[in-house]
Amino acid sequence: MPTKWVLHWHPNPGSTVNSQILNEVSQCAEAINGVKDGRWKATLTLLKPNLRDQSQPGEYPRELLGISLPEQPNKYYFILRGPRIVTEADSSIQVIMEKLQSYKSRIALYFEGYQYQLGDFQLRVGKVVSSHSENLRGIVLEVEYLPISSMEKASQVLGEFVDIWQEAVLKRSLPGSFMHNEPNLSEYGLGDNYTPQHTAVQYAYVMAQLFASQSTQAVRN
Amino acid sequence: MDVKPNFPMQFQQQLPQLQQSEPQAAATPSTSADQPAEAPPKQVAMAVDRLAQAARLIADVRIGADRLLEALFFAAQSHQSDKTLQFLLKEDASMRQHLQDLRTVGRQLEETGVLNDSMKSRGNSWGLHIPLVCPDGAVVAYAWKRQLAGQAGASAVDRTRLALKAFSDQKRRFFPHLDDESEDQSREPDSKKPCRPQAPLTSQLDELGDFKSLADVLARVEKEVPNVKVLMYERRDWLKRASSLPSSGNDKLIESSKEHSFHSLNKMRAGPQSAGASGRTSVIEISFPCNLRAVLSLHPAGSINPDAVAFFSPDEGGSYMHARGSSIYHVFRHITEHARIALQHFLGVRSETALYFLLNWICSYQTLFSKVCGKCGKLLSMDRKTSTILPPVRRSFRQFYPVRESPAETTSSTKDQVFEIPGAYHIGCYTDEL
């Protein structure tokens, strides 16, 4: 399947993300001849163990991430960041989880927006909102190169595309920039051939970055 | 030569008038004043309608002119001057009416910006564009469809250019003795012929060894280019393989297709590598596993005469994957277009070595996603014509010749690099002299 990079918006220190920035970013996609193609939505759920017996917290991983991706509507992905495990399950696992009540959803993040076709590239610009509030938590950008599925072969192409993108965004003098820090996919046992699990791990990483930057903001405030 | 009464004509000429009056009635008397009040789809539809009307009126004018000539001829022959006079008067009136209608439609089209670019500057909403009649007569009617499809539609000019190119390619192939002098002169009228220091001498090419058999050529290529996989197929076997290739990254399908190709390879290579085994080969597959897959066809089967070539993504699969097919990805479509020109070039230089040169040239594309453009130094560039971002899809082929290896080099290098690596260029950076 095509290779993809997931980038997130990193606001400058002292500034926050808002919908104006999201509009500017969408216009950027159209400025480089992207053609709006449709909507997309991904959901990331942070699950915490439902401990009846509070005395044994150490046995269970404190945090389980569940992700649903738009290109795999029948699948659901679980990630344990500590032990670096990612796995794919049928989407009906969510029903089982509800019944088991072993891990309960603490917070869900919704990534949604429009996607743009740009020749052999596909761009997805999305806002990040949480289930707890209506406020915009962040902006996410997916850059996908359709013809090849090898991470290594595509890295130069995706890298240069992101450079072109950053240049276009820079022209709009926005208070922040997109960042791509590649998570260590090999630690998760993921190989060179791109799979939805690669996407899931990138999203987990983006979520961590979002929470980290917002907690530093809170501390600052 | 009969002079039919003009009733059908008059009926015909009333029709366009009626049709013309309808949109006018619908749009209320002043046409220009309320244009902005109509929604863009309606404007586009009306503009297209009016263009059709204009075409019909022009046809009517042509028919009218014919009839006038007919009448004059008839008048010269017979002497029924009265009837002829009536006829001429009627034709005159109808022609004047047509021309008047044409002027009106033309004015309406001008006002709505069809004959010039004025509509674009008015900031058309909804992303729709009024059809534009270009100076060369091409009508760009459905620009909005282009936007939605995300691809540049070909205007009539582009189609003609492509057709001309296809015909001249065929001409070059089937009538090579006809083209050389006149085409060279027409292509490079002012510039000097570029000096080619590495023009192949026949003796040098002969030194490259035996090109007579397909197996020899393929073995040689596999030896010279590391990482390449070259496979031979009969035409039916290739079709089966192409259809069984996974079109998405489904691991299970990859496993089964590997087995399938293993079996078909066994069928092909059953027997002691004899000429008979490759005697029915008509499809060659060249693949660099993560980069690309090129499909070449040979005609006749088992010969070393390449016929057609096409490039595809390594993840593509389906029965459309054959040497005359077209990839679903822009990058490979562009390479295919360029490769077909290169194929004709290699056939034109010397047909016995064409396959060998072509295979080596195709192998130069293994750096497609890593080698930067020789002109601008970047990997990606926006192609103006198709508004897509592409890597350097063009490799130079006119200077693609084997170089003479010095005796000292052959001992030191382990690879038998017989060919110089061709330069890589973006579409916009490439020129024919390269």
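Keep in mind that this is a model prediction, so the values were computed, not measured.

*Asks:* Any chance you could explain the overall build of chain A here in plain terms?
*Replies:* A tally of helices and strands in chain A yields 4 helices and 9 strands. The order of α-helices and β-strands along chain A, N terminus first, is β-α-β-β-β-β-α-β-β-β-α-β-α. Looking at chain A as a whole, 50% of its 221 residues are labelled buried. In chain A, once contacts between residues fewer than 6 apart in sequence are set aside, the share between residues at least 24 apart is 66%. Surface accessibility of chain A: about 10,400 Å² in total, with carbon and sulfur atoms responsible for 48%.

*Asks:* Hey, could you run me through the sheet that holds strand β9 (residues 176–179) of chain A in this one?
*Replies:* Across a sheet, strands are paired by hydrogen bonds formed along the backbone, either parallel or antiparallel in direction. Residue and element names in this part refer to chain A. In space, the 9 strands of this open sheet follow the order β5-β4-β3-β2-β6-β7-β8-β1-β9, with antiparallel pairing throughout. The strands lining the two open edges of the sheet, one partner per strand, are β5 (85–90) and β9. The sheet shows a mean angle of 25° between the axes of neighbouring strands, taken without regard to direction. Pairing analysis gives 3 bridges linking strand β3 (residues 64–68) to strand β4 (residues 75–80), with the strands arranged antiparallel. Directly across from I67, in β4, lies its bridge partner Y77. Relative to β4, helix α2 (residues 93–100) is tilted by about 55°, and along the sheet it contacts β2 (35–49), β3, β4, β5 and β6 (103–118). Helix α3 (residues 151–170) rests against β1 (3–11), β6, β7 (121–130), β8 (136–145) and β9 of the sheet, and its axis sits at about 35° to β1.

*Asks:* Sorry, what's going on with the interface of chain A and chain B here?
*Replies:* Many analyses report the size of an interface as the accessible area lost when the parts associate. Residue-level contacts link 21 residues of chain A with 26 residues of chain B. Across the chain A/chain B interface, buried area totals approximately 1,900 Å², and carbon plus sulfur atoms make up 60% of it. The three residues of chain A that bury the most area against chain B are A:D120, A:P147 and A:E160, which together make up 24% of that side's buried surface. One can count 0 salt bridges joining chain A with chain B. In this assembly, chain A and chain B are joined by 7 residue pairs in polar contact (both at pLDDT 80 or more). Looking at the side of chain A that touches chain B element by element, the count peaks at 6 residues for α3(A).

*Asks:* In this structure, what is going on with helix α10 (residues 235–244) of chain B? I would like to understand it.
*Replies:* Residues spaced three or four apart along an α-helix point in a common direction, a consequence of the helix completing one turn every 3.6 residues. Of all the positions in α10(B), only B:D237, B:W238, B:R241 and B:A242 are classed as buried. Down the axis of α10(B), the smallest arc covering the buried residues is 135°, so these residues share one side.

*Asks:* Would you mind going over the side chain of B:T353 with me for this structure?
*Replies:* All names here are of chain B. Note that T353 resides in the loop between α12 (330–349) and α13 (354–363). Of the residues examined, T353 reaches a relative accessible area of 1% and is grouped as buried. Looking at T353, its side chain comes within polar contact range of the main-chain oxygen of R350, at 3.2 Å.

*Asks:* How should unusual backbone geometry be read in this particular structure?
*Replies:* A negative phi angle characterises most non-glycine residues, just as the trans form characterises most peptide bonds. For the peptide bond that leads from B:H299 to B:P300, omega is 0°, which places it in the cis range. The phi torsion at A:R84 lies on the positive side, around 55°, for a residue other than glycine. Unlike most non-glycine residues, B:N227 shows phi in positive territory, near 75°. Structurally, B:N227 can be placed in the loop between α9 (214–224) and β3 (229–233).

*Asks:* How should I be thinking about the pattern of salt bridges in this particular structure?
*Replies:* Pairs can form between side chains of opposite charge once their charged atoms are near each other. Residue and element names in this part refer to chain B. The final tally for this structure, using the stated rule, is 20 salt bridges over all chains. Between D92 and R96 there is a salt bridge; the shortest N-O distance is 3.3 Å. Here R96 and D92 lie together in helix α3 (residues 81–111), a separation of 4 residues that amounts to about one turn. For R96, a relative accessible area of 58% puts it in the exposed group. As a salt-bridge pair, R220 and E224 come within 2.9 Å of each other at their nearest N and O atoms. Here the residue R220 and the residue E224 both occupy positions in helix α9, the gap between them amounting to 4 residues, near one helical turn. Taking relative accessible area as the criterion, R220 reaches 27% and is therefore assigned partly exposed.

*Asks:* Just to check I follow, could you spell out the side chain of A:Q115 for this structure?
*Replies:* All names here are of chain A. Locating Q115 in the fold gives a position in strand β6. The buried category is assigned to Q115, whose relative accessible area is 11%. Looking at Q115, its side chain comes within polar contact range of the side chain of R124, at 2.9 Å. Beyond its immediate sequence surroundings of up to four residues, Q115 is in contact with V35, K36, D37, G38, R39, W40, Q122, L123 and R124.

*Asks:* Looking at this structure, I do not really get the confidence of the model for chain B. What am I missing?
*Replies:* Fine structural detail should not be taken from predicted coordinates in areas where pLDDT scores are low. Residue and element names in this part refer to chain B. Confidence along chain B averages 72 in pLDDT terms, with 63% of residues attaining 70 or more. A low-confidence stretch, residues 1–35 stays under pLDDT 50, and its non-local contacts, those more than four residues away or across chains, total 41 contacts. Per-residue pLDDT stays below 50 along residues 181–201; that stretch engages in 18 contacts with residues further than four places along the chain or on separate chains. Scored as a whole, the predicted complex attains pTM 0.64, and scored at its interfaces, ipTM 0.89.

*Asks:* Just checking my understanding: could you explain the nonpolar core for this structure?
*Replies:* Most often, soluble globular proteins keep nonpolar side chains buried together rather than apart. Among the nonpolar cores identified, the biggest contains 84 residues, and A:W165, B:F311 and B:W361 are the most heavily contacted of them. If you tally residues by element for this core, the top one is α13(B), at 9 residues. With residues up to four places along the chain from it excluded, the contact list for B:F311 reads B:L292, B:R293, B:A294, B:S327, B:F332, B:I335, B:T336, B:A339, B:I362 and B:Y365. In this structure, A:M1, A:I79, A:Y194 and A:L210 belong to the second largest nonpolar core, which totals 29 residues.

Here is what the cut-offs are and how they apply
For every chain, the first residue of its written sequence is number 1, and the numbers climb from 1 along that sequence. Numbering of ligands from 1 and lettering of chains from A proceed in the order in which they are written. The predicted nature of this model means local features are confined to residues of pLDDT at least 70 and side-chain atom pairs, given and counted, to a pLDDT of 80 or more, with totals for whole chains, interfaces and linings taken over all residues. Side-chain calculation: all heavy atoms of the structure are included, whereas hydrogens and water are not. Under the scheme used here, helices are H or I runs from DSSP no shorter than 4 residues and strands are E runs no shorter than 2 residues, and both carry numbers assigned from the N terminus. Relative accessibility under 20% of the residue-type maximum defines a buried residue, over 50% an exposed one, and the middle range a partly exposed one, all with a 1.4 Å probe and only protein chains included. Residues count as neighbours in contact if any of their non-hydrogen atoms are within 4.5 Å of one another. Accessible surface area values rest on a Shrake-Rupley calculation with a 1.4 Å probe, where residue burial reflects the displayed protein chains alone. Here the rule is simple: two strands pair whenever DSSP picks up at least two bridges between them. All axes here are fitted lines through C-alpha atoms, helices being fitted over the stretch that makes contact, and every angle between N-to-C directions spans 0 to 180 degrees. When two parts are brought into contact, each loses some accessible area as probed by a 1.4 Å sphere; the total of that loss over both is the buried area. The salt bridge criterion pairs a side-chain nitrogen of Lys or Arg with a carboxyl oxygen of Asp or Glu, the two atoms within 4 Å. Side-chain atoms alone can form a polar contact between residues adjacent in sequence; in general such a contact is a pair of N or O atoms within 3.5 Å, and within protein one must be able to donate a hydrogen while the other accepts it. Think of it as the arc spanned by the lines of direction from the helix axis to the C-beta atoms. Each residue carries a pLDDT score, the predictor's own confidence in it, on a scale running from 0 to 100. Put simply, a nonpolar core is a bunch of buried Ala, Val, Leu, Ile, Met, Phe, Trp, Tyr and Cys residues held in one set by side-chain atoms that sit within 4.5 Å of each other.

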